[in-house]
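Descriptive structure summary
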Amino acid sequence: MIDSLSRAIGRPVGLFLLSCFCGLVAALGQAPFGLWFFTILGLALGYLIWSRVATTRLAAVSGWGLGTGYFALTLVWLVNPFLVEPEVHGWMAPFALIGMAAGLGLFWAFAAAATHWGLRKAGQGGWIAWPAWLFVAELFRGVIFTGFPWGGPGLVWIDTPIAQLAAWVGVSGLSFLTALLAAALVAVPQSASRVRDVGVLLVVVSLAVLIGLGRAGAQLPDTRPGIVRLIQPNAAQHLKWDPDHAPGFVQRQLDLTASAPVGLAPDLVIWPETSVPYLMGQSDGLFEVISDAARDASVVMGLQRGEALRYYNSLAHLDREGKVAAVYDKHHLVPFGEYVPFGDAFLKVGIGAFASQLGQGYSAGPGPALLDLGPLGKVLPLICYEAIFPRDIRNAPGRPDWMLQITNDAWFGSFSGPQQHFVQARFRAIEFGLPLVRVANTGISAVVDARGRVQTQLPLGQAGFLDAALPGALAETVYARFSDVPLSAFLLSLALVSLLSRRRKSH
């Protein structure tokens, strides 16, 4: 068996497939599985294979296979948008998943190749350099082509004390720690100073757990005054825009809005993303009807609005009289889902089929904004996809009292996509020390405290409402103040040192 593995590692196809299997194992730490120890195991096996390859080319293949397998299982929900109209788009689903997984896997291929090339011999110092380069790859994955940081390895720690470390180092720092632990499991037992290294690792892990437990167990600030009502209509995506069904979904939300309160009456009612199936300004008095259903509460809702030939995925705040008090336009759009990259640039050469300025997809809003809700405080609105980007929160024009994410996760189906999206939103609460209210069309709608813990929630696939108090905010975290900059500078330096070591060895 060992000989067979050796032969597989020496051949690109066998190496890729073997590494791909390790990536599949590592992905079991992501929601809805939540088996974080499998992430450690899968990455450890991936590192072991990488450390046995003879060339930088094969190192790249091992990293590519590891990343492709990892993202193929993590992003399996990607097939669901193509199955909303399967007769039209269904054939594209496997190509989209495989193409996306293989494309994201190239970032890990780069990390594996850079580490091997710098060290020349993979086993010498690789257990530190490999995680450092993987961190660099994940950093670039979060920003290139507007970024797609979905599914980072650090997310697997969400329901453990380790998750609280994100208040200092963010999810990206937890991804580095995850890869470091995995590589250490392989490399440390083989090192000449393994007793010392094991001791250091045990101290580091113990400190991480103790710090996490301490932060998780500390007392939270008092709740804010006021009650919010979360509305979850559970509108099926294939029926959501159907003229025969859309009015029924609106009526369902009106009925939930008008339901008798559980305890104190709500001060704010929140509907999910695109919950109004009409353009803003073309709803024939619907806002007044919604305001009447909300009684003495103001309302926040997701809808679309048009301006000339541009269209926006928006959030509107209605005052108690049903008048629009504020509007926020989503600024971080989904490439190819909400707009075509460079679509407006094509218009300059006479191709208007992809131009947002001609109504072909959404246009981006001006950027993050704060809405002043009076006694309920200042809120940072996030529409769907925007909650996976820490920088969109950090770039807000001031520190909010809480965050609000409205989303339509019906696009993602009911397996893995909504759960993973929710986990990422919870990590934003930990990273910034801010409570989060999340209102989703089909779920998961929830109130999350400033340490990422769920206070109350509505599960997937269930229509209903929640009345809840707003948790208080914590003091500004280290991560909120400095973002990834300190850790990035350190690990980029570490990665560059591994490259310089090759130069020294060559002289």
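Just so it is clear, the model here is predicted, and its values are computed rather than measured. (Residues numbered from 1 in each chain as written. Predicted model: local features only at pLDDT ≥ 70, side-chain atom pairs only at ≥ 80, totals over all residues. Heavy atoms only, no water.)

What follows is about the overall build of the protein. A count of helices and strands for the protein gives 17 helices and twelve strands. Put simply, the protein has 507 residues, and 54% of those count as buried. Long-range contacts, defined as pairs at least 24 residues apart, comprise 70% of the intrachain contacts of the protein with a sequence gap of at least 6. Entry remark: accessible area of the protein is about 21400 Å², with carbon and sulfur atoms responsible for 65%. (Helix = DSSP H or I, 4+ residues; strand = E, 2+ residues; numbered from the N terminus. Buried < 20%, exposed > 50% of the residue type's maximum accessible area, 1.4 Å probe, protein only. Contact = heavy atoms within 4.5 Å. Areas by Shrake-Rupley, 256 points an atom, 1.4 Å probe, with all protein chains shown as cover.)

This next bit is on the packing of helix H11 (residues 246-258) against helix H12 (residues 286-294). Running from N to C, H11 and H12 point in directions that differ by 30°, and their axes come no closer than 7 Å. As far as their axial angle goes, H12 and H11 are roughly parallel. Seen from H11, the contacting residues are Val250, Leu254, Thr257 and Ala258; seen from H12, they are Leu286, Val289, Ile290, Ala293 and Ala294. When its residues are assigned to classes, the contact of H11 with H12 shows eight nonpolar, one polar and no charged. (Axes fitted to C-alpha atoms, helices over the stretch in contact; angles between N-to-C directions. Parallel < 35°, antiparallel > 145°, perpendicular 65-115°, else oblique. Nonpolar A, V, L, I, M, F, W, Y, C, P; charged D, E, K, R; others polar.)

Attention now goes to the pairing of strand S7 (residues 378-383). Along S7, five of the six residues are buried, which leaves the element largely enclosed by surrounding structure. Sheet analysis places strand S6 (residues 371-372) next to S7, joined by two bridges and oriented antiparallel. Note on S7: the bridge partner recorded for Leu371 is Val379. Where S6 hands over to S7, the hairpin turn is made up of five residues, of which Gly374 adopts a positive phi near 65°. Pairing of S7 with strand S8 (residues 402-407) involves five bridges; the strand directions are parallel. Note on S8: the bridge partner recorded for Leu380 is Met403. (Pairing = 2+ DSSP bridges.)

Two pairing modes exist for strands in a sheet, parallel and antiparallel, and in both the strands are linked by backbone hydrogen bonds. The six strands are arranged S6-S7-S8-S9-S10-S11 in an open sheet whose pairing can be described as mixed. The open sheet has two edge strands, S6 and strand S11 (454-458), and neither has a second partner. Direction of pairing for strand S9 (residues 436-440) relative to strand S10 (residues 445-448): antiparallel, over a ladder of three bridges. Counterpart to Val437 in the pairing with S10 is Val447. Strands in contact with helix H15 (residues 417-432) are S8, S9, S10 and S11; relative to S9, the strand with the most contacts, it is inclined by about 160°.

Of all hydrophobic cores here, the largest spans 97 residues; its most connected members are Leu75, Ile270, Leu404, Phe427 and Val437. It is helix H8 (residues 166-187) that contributes the most residues to this core, 13 residues altogether. Residues in contact with Val437, not counting those within four places in the same chain, are Leu230, Ile270, Trp402, Met403, Leu404, Gln405, Ala446, Val447 and Leu470. Listed in part, the 18 residues of the second largest apolar core include Leu256, Val276, Leu303 and Leu318. (Core = buried A, V, L, I, M, F, W, Y, C linked by side-chain atoms within 4.5 Å.)

With that out of the way, let us pick up the sheet that holds strand S5 (residues 324-329). The sheet built from six strands is open, its strands ordered S5-S4-S3-S2-S1-S12 with mixed pairing. One side of each edge strand has no neighbouring strand; the edge strands of this open sheet are S5 and strand S12 (464-470). If you compare each strand with its neighbour and ignore which way they point, the axes differ by 30° on average. Of the pairings in the sheet, the one linking strand S2 (residues 268-270) to strand S3 (residues 298-307) comprises three bridges and is parallel in character. Residue pairing for S3: Leu268 is matched across the bridge by Ser298. Its contacts with the sheet put H11 on strand S1 (224-232), S2 and S12, and the angle it makes with S1 is roughly 150°.

With that settled, the discussion passes to the environment of Met100. Turning to its location among the elements, Met100 is positioned in helix H6 (residues 93-119). Since its relative accessible area comes to 32%, Met100 is described here as partly exposed. It is 8.5 Å that separates the C-alpha atoms of Met100 and Thr68, two residues lying 32 residues apart in sequence. Beyond its immediate chain neighbours, meaning those up to four positions away, Met100 contacts Leu75 and Leu78.

Okay, H8 next. Between its first and last C-alpha atoms H8 spans 26 Å; for 22 residues at 1.5 Å apiece the expected length is 32 Å, and the helix comes up short by more than 12%. Largest kink in H8: about 70°, centred on Ser172. Along H8, 19 of the 22 residues are buried, which leaves the element largely enclosed by surrounding structure. (Expected span 1.5 Å × (residues − 1). Bend = angle between axes of the 7 residues up to and from the residue.)

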